[in-house]
Amino acid sequence: MPGLLRGVARTAVVAGTATAVSNRVSRRQAGRWAQQEAPQQVAQPAPVQAAPAPAAAPADDMSTRIAQLKQLGELRDQGLLTEAEFATQKAAILGS
């Protein structure tokens, strides 16, 4: 049973990390597309409300990372992840 629980926990961590990385890649791609379209729309000024939205994304990204790190720590403390697995997943979260 502990092996099954460890496998489920590892799958949850990997899936969560993959989701976070995928979301970050999507946001970066959308930002690049927006930058490419911006020179074509030089005559139109940017809306005033557009500025706060990008500032919210890094804070949201950081809170997501913190939540994932807390979850990893709990799994390690419960003995579901080894120290090496914890270090690998932590590096993946912080490196994204």
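Residues numbered from 1 in each chain as written. Predicted model: local features only at pLDDT ≥ 70, side-chain atom pairs only at ≥ 80, totals over all residues. Heavy atoms only, no water.

Caption draft 1: Summary view of the overall build of the protein. Scanning the protein from terminus to terminus reveals three helices and zero strands. Each helix and strand of the protein, placed in order from N terminus to C terminus, yields the pattern α-α-α. The proportion of buried residues among the 96 residues of the protein is 18%. Pairs at least 24 apart in sequence give 76% of the contacts found in the protein among residues at least 6 apart. In the form shown here, the protein has an accessible surface area of approximately 6,900 Å², with 62% of it arising from carbon and sulfur atoms. (Helix = DSSP H or I, 4+ residues; strand = E, 2+ residues; numbered from the N terminus. Buried < 20%, exposed > 50% of the residue type's maximum accessible area, 1.4 Å probe, protein only. Contact = heavy atoms within 4.5 Å. Areas by Shrake-Rupley, 256 points an atom, 1.4 Å probe, with all protein chains shown as cover.)

Caption draft 2: Broad picture of the side chain of E85. With respect to the helices, strands and loops of the structure, E85 is situated in helix α3 (residues 83–95). Only 2.8 Å separates the side chain of E85 from the backbone nitrogen of T82, close enough to count as a polar contact. Beyond its immediate stretch of four places on either side in the chain, E85 contacts R6, R10 and L80. (Polar contact = N/O pair within 3.5 Å; in protein donor to acceptor, adjacent residues only side chain to side chain.)

Caption draft 3: Up close: the confidence of the model for the protein. Summing up the model confidence of the protein, the mean pLDDT is 76 and the portion of residues at 70 or higher is 74%. Across the protein, the element-wise mean pLDDT spans from 77 in helix α2 (residues 52–77) up to 88 in α3. (pLDDT = per-residue confidence, 0-100.)

Caption draft 4: Summary view of α3. Over its 13 residues, α3 extends 18 Å from the first C-alpha to the last, a length consistent with the 18 Å expected when each residue adds 1.5 Å. For α3, the full list of buried residues reads E85, F86, Q89 and I93. Within α3, the buried residues cover an arc of 100° as seen down the axis, which keeps them to one side. The exposed residues of α3 that point more than 90 degrees off its buried face are E83, A84, T88 and G95. (Expected span 1.5 Å × (residues − 1). Arc of directions from axis to C-beta.)

Caption draft 5: Looking closely at the pattern of salt bridges. Under the definition given, this model contains four salt bridges. Where R27 meets D61, a salt bridge forms, and the shortest distance between an N and an O atom there is 3.2 Å. Of this pair, R27 sits in helix α1 (residues 2–37) while D61 sits in helix α2, placing them 34 residues apart in sequence. For R27, a relative accessible area of 37% puts it in the partly exposed group. With its nearest N and O atoms 3.4 Å apart, the salt bridge here joins R65 to D61. Note that R65 and D61 are positioned in helix α2 at a spacing of four residues, about one turn of the helix. (Salt bridge = Lys/Arg side-chain N within 4 Å of Asp/Glu carboxyl O.)

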